[in-house]
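Next come the chains, spelled out residue by residue.
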Amino acid sequence: MTVQEVVSKAKKIVVKIGSNTLAKADGKINIDFMREFANQCASLMKEGKQIVLVSSGAQVAGVSTIDRWERKKDIHYRQALCSIGQVELMDKWRTAFAECGLHIGQLLFTKDDFENDHRTLNMRNTIFTLVDEGVVPIINENDSVSFDEIRIGDNDNLSALTAILWNADLLILFSDIDGVFTKNPKENPDAELVEIVPDIKKLRSEITIGTTNSFGTGGMETKLEAAEKVVSYDIPMVLANGASANALVRLVDGSGKGTLFLAENA
């Protein structure tokens, strides 16, 4: 089983875009990337695939809008930045998908939503309705109101919960690395890409897990947590570099690299 085979076969795909993928080197939001990614989604949707997008970047978009708050660390400023940035983020996604003739719908979740049966049913019904009508759901954590007790904390795990909620065929995590390596590839030139992971527990004992990087809230640990969640529901996951040109389409045609986490019964 290869990445290309899994992605080509999947119809219902959840794609997570991380903050580091959405941000330019200066920390501002990357509009060109968003346009290109929307085009890729539109192309796959024409082939019959259904896409649900989990998009980080509210804080990045907030900094792009009010950069005088960039260095403020107080939680109230962080939440306020996310409030401002979420509007800007969705506006940029709306524009990008509108250029492809597609509409988007926003959903903001907290951990508490996934633990309430009534809300979970409504979340699921909304996602199904949007997708069935050809609208692209764009999901993020409700960072402006979240606090520790109801906070998921990272969009890797949020995307995994979304994939399970929607009964997805595949979860794709786009990060700023090509996949899982035996060592940190940015520090170790001899690091090797792990192409297929049939056993996450075994993988943990064989690799070095680093810390989170500049703009994101996750790291390799949260990606492994997401993989553990989805494979337990027989949903495979691909971790790949979202910053490379046409990253989504290249996973379909086989020219893109990534790490494939296989579902338990694959």
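A brief look at the structure comes next. Since this is a predicted model, take the numbers as computed values, not measurements.

Calculation criteria
Residues numbered from 1 in each chain as written. Predicted model: local features only at pLDDT ≥ 70, side-chain atom pairs only at ≥ 80, totals over all residues. Heavy atoms only, no water. Helix = DSSP H or I, 4+ residues; strand = E, 2+ residues; numbered from the N terminus. Buried < 20%, exposed > 50% of the residue type's maximum accessible area, 1.4 Å probe, protein only. Contact = heavy atoms within 4.5 Å. Areas by Shrake-Rupley, 256 points an atom, 1.4 Å probe, with all protein chains shown as cover. Expected span 1.5 Å × (residues − 1). Polar contact = N/O pair within 3.5 Å; in protein donor to acceptor, adjacent residues only side chain to side chain. Axes fitted to C-alpha atoms, helices over the stretch in contact; angles between N-to-C directions. Parallel < 35°, antiparallel > 145°, perpendicular 65-115°, else oblique. Salt bridge = Lys/Arg side-chain N within 4 Å of Asp/Glu carboxyl O. Pairing = 2+ DSSP bridges. Disulfide = S-S within 2.5 Å.

### Remarks on the overall build of the chain
No. 1: Secondary structure summary: the chain contains eleven helices and ten strands in total.
No. 2: Considering the chain as a whole, with its 266 residues, one finds that 50% of them fall into the buried category.
No. 3: Residue pairs in contact within the chain that sit at least 24 positions apart in sequence constitute 74% of those at least 6 positions apart.
No. 4: Of the accessible surface of the chain, which amounts to about 12600 Å², a share of 48% is contributed by carbon and sulfur atoms.

### Details of helix α8 (residues 155-166)
No. 1: With twelve residues, α8 should reach 16 Å at 1.5 Å per residue; the first-to-last C-alpha distance of 16 Å fits that figure.
No. 2: In terms of burial, α8 is largely enclosed, as eleven of its twelve residues are buried.
No. 3: Turning to α8, its buried residues are N155, D156, N157, L158, S159, A160, T162, A163, I164, L165 and W166.
No. 4: You can read the cap of α8 off the contacts: a side-chain oxygen lies 3.1 Å from the backbone nitrogen of D156, and it is on D154.
No. 5: Just downstream of α8, N167 is the residue with a positive phi angle, here 55°.

### Describing the packing of α8 against helix α10 (residues 220-231)
No. 1: Two numbers describe how α8 lies on α10: the axes approach to 8 Å, and their chain directions differ by 10°. Looking at the two axes, α8 sits roughly parallel to α10. Along its contact with α8, which presents D156, N157, A160, L161, A163 and I164, the element α10 presents T222, K223, E225, A226, K229 and V230.

### Some points on helix α3 (residues 31-46)
No. 1: Between its first and last C-alpha, α3 extends 23 Å over 16 residues, near the 22 Å set by a 1.5 Å rise per residue.
No. 2: Here α3 has its buried residues at F33, M34, F37, A38, Q40, C41, A42 and L44.
No. 3: Looking one or two residues beyond α3, the residue adopting positive phi is G48, at roughly 100°.

### Re the pattern of salt bridges
No. 1: Summed over all chains, the structure comprises ten salt bridges.
No. 2: K92 is the partner of E88 in a salt bridge, and the nearest nitrogen-oxygen pair spans 3.2 Å. One end of the pair, E88, and the other, K92, are both in helix α5 (residues 75-98), four residues apart, so they sit about a helical turn from each other.
No. 3: Here K92 falls in the partly exposed class, since its relative accessible area comes to 25%.
No. 4: Residue D91 pairs with R94 through a salt bridge whose shortest N-O separation is 3.1 Å. In this pair, D91 and R94 are both assigned in helix α5, three residues apart and thus about one turn of the helix distant.
No. 5: D91 sits in the partly exposed class, given a relative accessible area of 32%.

### Topic: the pairing of strand β3 (residues 104-109)
No. 1: With burial as the criterion, only one face of β3 is covered, namely that bearing G105, L107 and F109; the residues I104, Q106 and L108 on the opposite face remain uncovered.
No. 2: In this structure, β3 lies alongside strand β4 (residues 136-141), joined through six bridges in parallel fashion. Within the sheet, the bridge partner assigned to L108 lies in β4 and is N140.

### Some thoughts on the sheet that holds strand β9 (residues 237-241)
No. 1: As summarised here, the arrangement of the eight strands in space is β3-β4-β2-β1-β5-β9-β10-β8, forming an open sheet in which the pairing is mixed. The open sheet has two edge strands with one neighbour each: β3 and β8 (196-197).
No. 2: Note that β8 and strand β10 (residues 259-261) share two bridges and pair parallel. In the strand pairing of β10, V197 is matched with F261.

### Topic: the state of the cysteines
No. 1: By the definition in use, this model includes zero disulfides.
No. 2: Of all cysteine sulfurs, the one in C100 lies closest to C41, which takes part in no disulfide; the gap is 8.4 Å.

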